[in-house]
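# Results of the structural survey
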2 protein chains.
Amino acid sequence: MSTDKETIQRLIRASMGEVKSDLVVTGGRLINVYSGEVLDGMEMAVSAGRVCYVGPSAEHTRGEETRIIDARDRWVAPGFIDAHTHIGHFCRPFELLQAYVPHGATALMASCDEHTVAFGLTGMRLFLDEVASHPVRVYTLISMAAPQDPLLCRTESLSDQEVAEILRDPRVLGLGEVVSWLRLTQGDPDLLARIDMTREQGKIVHGHTAGARDRRLNAIAAASVSSCHEPINGEDALARLRLGYWTMLREGSFRQDLEATLKPLLGAGVDAGRLILVTDGMAPDDVSAHGHMDHVIRRAVECGLSPVRAIQAATLHPATYSGLDQDIGGLAPGRLADFVLLDDLETVRVGATFIGGELVAEDGESRVAAVPPSFPDGMGLKTAFRLPVTADDMRIRCEAPRARVRVMDLVNQTITRERVVEVACAGGVISADVDSDLLKVAVFDRQEGFSPVFGFIRGLGTDIGAVGTTVNLDEYTLLVAGSSDYDMAYCANLLLEAGGGAALVDKGRILQEIPFPIGGLFSLEPWRDVGRELAAVQQTLRERGAAFAKPLYALCFLTFVTLPELRITGRGLVRAKEREIVPLLAR
Amino acid sequence: MSTDKETIQRLIRASMGEVKSDLVVTGGRLINVYSGEVLDGMEMAVSAGRVCYVGPSAEHTRGEETRIIDARDRWVAPGFIDAHTHIGHFCRPFELLQAYVPHGATALMASCDEHTVAFGLTGMRLFLDEVASHPVRVYTLISMAAPQDPLLCRTESLSDQEVAEILRDPRVLGLGEVVSWLRLTQGDPDLLARIDMTREQGKIVHGHTAGARDRRLNAIAAASVSSCHEPINGEDALARLRLGYWTMLREGSFRQDLEATLKPLLGAGVDAGRLILVTDGMAPDDVSAHGHMDHVIRRAVECGLSPVRAIQAATLHPATYSGLDQDIGGLAPGRLADFVLLDDLETVRVGATFIGGELVAEDGESRVAAVPPSFPDGMGLKTAFRLPVTADDMRIRCEAPRARVRVMDLVNQTITRERVVEVACAGGVISADVDSDLLKVAVFDRQEGFSPVFGFIRGLGTDIGAVGTTVNLDEYTLLVAGSSDYDMAYCANLLLEAGGGAALVDKGRILQEIPFPIGGLFSLEPWRDVGRELAAVQQTLRERGAAFAKPLYALCFLTFVTLPELRITGRGLVRAKEREIVPLLAR
């Protein structure tokens, strides 16, 4: 976002008091992220949506029309930036922005992977238009790869021409993470061509280097990847920081890594100047429970970072990394007037959020009026499967009396081990076995495949007929798990008819259903309702025996082809480390 | 400098050990500017001129052809960056780079103001070509304005088309300082148009905000100026840092501000993450005496900054500010292999300098072979004046018996006060008066003006017939001061015949002469010779009574139209603050 000549002219005149400012904030304690100070007795004036003056007295900028905000007993800080996140599932992007803005978010860097996977180039365009309808500034990272790994995944794809075209959009900040980073260390020419295009335009490349070490971590940096949000311990974080990565410490819905990463870094006394706080995605139920970037900053303070340092890591540092520090990330002349009023600094209590000098949230509520979605009707998830799905479609045939099946054995909410389990084949089929905590999983291919891909999971601990979700990273296709072929078919039909969603079915009865009618990605309902429903799904799964805090997420990540060890996609069972498809039946 | 696809591919393979590296540095203590650590036991490998590996063992990258540098007992640091400097006077740019490189300089951000003032667009192009002939990476800032202030100055000028054209050159980093910053706060449309062009191309605008405070300092930041190297005390520095300026602390030939700026900042405990060390120009005699960026870093350490922090302020910080941190400023994979070996950290003793993995300087000597200048013959300074200049041309006529003249009264080496002094007009002319320390100054217009502009200075304290220089900021025309009309004319003829230079003449005898045949800007001789000659000029002036350490600089700055109070240019006597021309004779 470049400032035009007229705006600059106006700002200069406003700084000098020759034209009057639109807004003056007075009486607060200013968080100066440039100098790292908390300053009393500073006034800030705003003109044309940007800061035009910061200093001891903005009296000269005050006119009759100038609004005055008395920030006495409050702190004035730059608006918070979530420098790596995803706003493409569960809720409409607009609604997630509505959820975040009362918690101080004024900008975020979001990938549009979900939209791309579901709709290709059209999806990226729809995303750009959707987020432009909300005042929170969204800087979009386009997908480096769709599918993430063409060997293993089945999604919409992108041509080089499409990537080149969308990269030229000024709303696009750069290239999003490729989770299959082995493709980078193996020098995949398609990815390198896209990185090349991106760098030629002076744009950046976000990384995802989970588990990479030493020479591989070096190779990914050499490939121009300039950040990573995947450290899960101090060693990871330090290795990335030392290799020049802008090191993103994550505390979000899917993972909470801050304590394990930040504390050791602080213990080692490293320079915090290239640390960035991110959520990597915050689901609506978690926003209700914890907040958004305010929560991340608060957690960082609890881990020992000073409040000002923590705020820098959520404002100035991400702005600088993104090449946006003339626009956002601090309160200085020329910058967009995006700021928060904090009722308390230590606990990062956000009282009000302003974007471009306009109040956009107050006392926990967005003041932004709802707008219709940018998504047209009829965008539901479609698979190649003909409806209705029958129980028979859910059967895994096996003529032998017994079989050895590969099982995704959950060791925690996201990681699986590959186990081979011997099972009986009663009536010529292999069934789930609740007593052995063995549930069947069916993944429906969106493009071809007239039979689902089947797998088994162990460790979910849930006694339920069927649980289905069309949110599953980064496949976003229909995945149903369960113990009953009838319930699984019912659940599948339910979700396919709704165009996508999450649902629990047991003994022919719908326990819960959340429709995600846009590509199976998200609901169009208000974020709080979606959050409540998601929380209810998780609770039901827990009540039915699931050992994890967020059991649904175990299913959402079953398709994630870079997490250890055995995963499932529309292409088959995937051995992540080996980048290979393996059959369900072991020898 | 964008890395091409083939280089990235090669770097990845080199990181992985699939192709062997060109160079491995082993055994040294690595200065990690990202984490702020000094690390033992790290090896660094280089391929295709860039770092491909940093870590505990580069064994896998070693092949038969790999050169090994044993850095035992030494420190390995990123090459030093002088983020705001001038290499357009006294010496040929190439020679100044030769001077700096043994002191650890591997990159610098230099304006080409001098070349622009003398030769317009042609000068900028010649500068770009000249600096490209040396391995030190020069990122050029083009002139925002030529003349700096058209009301007050007389130099070559630039059209908007020329600025637009040269801005597109990839070697151009952005727009250089406009010393007449009042033009910015007054919203000069020409300057704003150029800033607009610059920002549209994603380039940066260096500032010069000497003496600006509060609302004016705000207005300049609002105009998109993103740095300033002009703080001369802690208050200045803090004000700039707080307003979002990348705050450059200067220690160079013309000014030494580090002690006055850095110490108070450290005392205030501010965040050093946006501090940058610069020279703003280092003359060859000072390089011989003190060094270059090694000297600045050393001085910063003496002022209390830790060595690693000081090195960050001369490496990573300027690279980040300049949007170049994927290329320079740190030793991480993908970055250019520009580094120094330090024999001692505390005293910043540079043993060797490498650029792109190649040794370019060792033990205080450049290893870069001389190349012919990019400047064609016949580029000497020309004025509109017909040769020879006669003593008669030097006379200031006055019919009255006495006159009241405006005098530039030097209060220190650069600042003047305006005084009105009553003088006798013997024989119908106003003469210099050595007894009253009153010297005459004549400035020759390069474009028209068949008579020089005259003025008087007091406070130089020198008893000399004539001292002349064609290096005078930012006019770069012929300026001669002295007590004797004959010597002044002789000196003028000498310098005009040489195409420019600096010279001392007394009683018809040449005491010293340094020819600057390229536009009157610089010598083509080796930098050490020029430095020796400059030092001799300064010494002679001191021996003849001058009170200042570098008396010649007092004359070099007489033309600088934004320093208080009274200055002189080809247009006349200038009241800096009022931006007005005043007559020599007061009422």
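## Description of the pattern of salt bridges
Residues and elements named next belong to chain A. Summed over the entire model, instances satisfying the criterion amount to 98 salt bridges over all chains. Notably, a salt bridge pairs arginine 125 with glutamate 165, separated by 2.3 Å at the nearest N-O pair. With arginine 125 in helix H3 (residues 113-132) and glutamate 165 in helix H4 (residues 160-167), this residue pair connects regions lying 40 residues apart in the sequence. The residue glutamate 418 makes a salt bridge to arginine 406 at a minimum N-O spacing of 2.9 Å. With glutamate 418 in strand E23 (residues 416-424) and arginine 406 in strand E22 (residues 402-410), this pair connects stretches of sequence that are 12 residues apart. Among the ionic contacts, a cluster of salt bridges with common partners joins Glu230, Arg250, Arg255, Asp257 and Asp280.

## With respect to the pairing of strand E1 (residues 23-26) of chain B
Residues and elements named next belong to chain B. Burial of E1 is two-sided: the residues Leu23 and Val25 facing one way and the residues Val24 and Thr26 facing the other way are all buried. When E1 meets strand E4 (residues 43-47), the two strands line up antiparallel, connected through 3 bridges. Looking at the pairing, valine 25 lines up with methionine 44 of E4. With 4 bridges joining them, E1 and strand E6 (residues 67-70) adopt parallel strand pairing. In the strand pairing of E6, valine 24 is matched with isoleucine 68.

## Digging into the relation of the copies chain B and chain A
Between chain B and chain A, the superposition needs a rotation of 180° and an axial shift of 0.0 Å, giving an RMSD of 0.1 Å. Seen this way, the second copy is the image of the first under a two-fold rotation axis.

## Here we look at the interface of chain B and chain A
The partner chain A presents 62 residues to the 62 residues of chain B that form the contact. Summed over both partners, the interface of chain B with chain A comes to about 5,200 Å²; 52% of that surface belongs to carbon and sulfur atoms. Counting every contact that joins chain B to chain A gives 7 salt bridges. In this structure, A:Asp271 engages B:Arg309 in a salt bridge whose closest nitrogen and oxygen atoms are separated by 3.3 Å. Across the side of chain B that touches chain A, the residue classes tally to 27 nonpolar, 19 polar and 16 charged.

## Some words on the packing of aromatic side chains
All names here are of chain A. Within the structure shown, the criterion is met by 16 aromatic pairs over all chains. Note on tryptophan 246 and tyrosine 321: the rings are 5.6 Å apart at their centroids and 35° apart in plane angle, and the pair reads as tilted. Placement of tryptophan 246 in strand E15 (residues 246-250) and of tyrosine 321 in helix H13 (residues 316-321) is noted, with a sequence separation of 75 residues between them. Here tryptophan 246 falls in the buried class, since its relative accessible area comes to 4%.

## With respect to the confidence of the model for chain A
Across chain A, the average pLDDT comes to 95, with 99% of residues at 70 or higher. Complex prediction metrics read pTM 0.97 and ipTM 0.96.

## Examining the packing of helix H1 (residues 5-16) of chain A against helix H7 (residues 189-200) of chain B
Look at H1(A) against H7(B): their axes get within 10 Å of each other, and the N-to-C directions meet at 125°. Judged by the inter-axis angle, H1(A) sits oblique to H7(B). Relative to H7(B), H1(A) is oriented so that their crossing is right-handed. Of H7(B), the residues touching H1(A) (which contributes A:Lys5, A:Ile8, A:Gln9 and A:Ile12) are B:Leu192, B:Ala193, B:Ile195 and B:Asp196. A breakdown of the residues in the contact of H1(A) with H7(B) according to their chemical character gives 5 nonpolar, 1 polar and 2 charged.

## Observations regarding the sheet that holds strand E34 (residues 580-582) of chain B
All names here are of chain B. Within the open sheet, the 3 strands sit side by side as E32-E33-E34. Their pairing is antiparallel. Looking at the sheet topology across the chains shown, the edges are occupied by strand E32 (566-569) and E34. Sheet twist, expressed as the mean angle between neighbouring strand axes with direction ignored, is 45°. Of the strand pairs in this sheet, strand E33 (residues 572-575) and E34 are connected by 3 bridges, and their pairing is antiparallel. For valine 574, the partnering residue across the bridge sits in E34 and is isoleucine 581.

## Notes on unusual backbone geometry
The omega torsion of the bond from A:Ala146 to A:Pro147 falls at 0°, within 30 degrees of zero and hence cis. Counting through the fold element by element, A:Pro147 comes out in the loop between strand E11 (137-142) and H4. The amide bond that connects B:Leu473 to the next residue, B:Asp474, takes the cis arrangement and shows omega of -20°. Along the chain, B:Asp474 turns up in the loop between strand E27 (466-469) and strand E28 (479-482). With a phi close to 50°, B:Asp363 is a non-glycine residue in the positive phi region. Mapped onto the fold, B:Asp363 is located in the loop between strand E19 (358-362) and strand E20 (365-366).

The rules behind each value
Residues numbered from 1 in each chain as written. Chains lettered and ligands numbered in written order. Predicted model: local features only at pLDDT ≥ 70, side-chain atom pairs only at ≥ 80, totals over all residues. Heavy atoms only, no water. Salt bridge = Lys/Arg side-chain N within 4 Å of Asp/Glu carboxyl O. Helix = DSSP H or I, 4+ residues; strand = E, 2+ residues; numbered from the N terminus. Buried < 20%, exposed > 50% of the residue type's maximum accessible area, 1.4 Å probe, protein only. Pairing = 2+ DSSP bridges. Least-squares fit on C-alpha atoms with pLDDT ≥ 70 in both. Contact = heavy atoms within 4.5 Å. Buried area = accessible area lost by both parts, 1.4 Å probe. Nonpolar A, V, L, I, M, F, W, Y, C, P; charged D, E, K, R; others polar. Phe/Tyr/Trp six-rings, centres within 6.5 Å; stacked < 30°, edge-to-face > 60°. pLDDT = per-residue confidence, 0-100. Axes fitted to C-alpha atoms, helices over the stretch in contact; angles between N-to-C directions. Parallel < 35°, antiparallel > 145°, perpendicular 65-115°, else oblique. Left-handed = near helix turned anticlockwise from the far one by under 90°.

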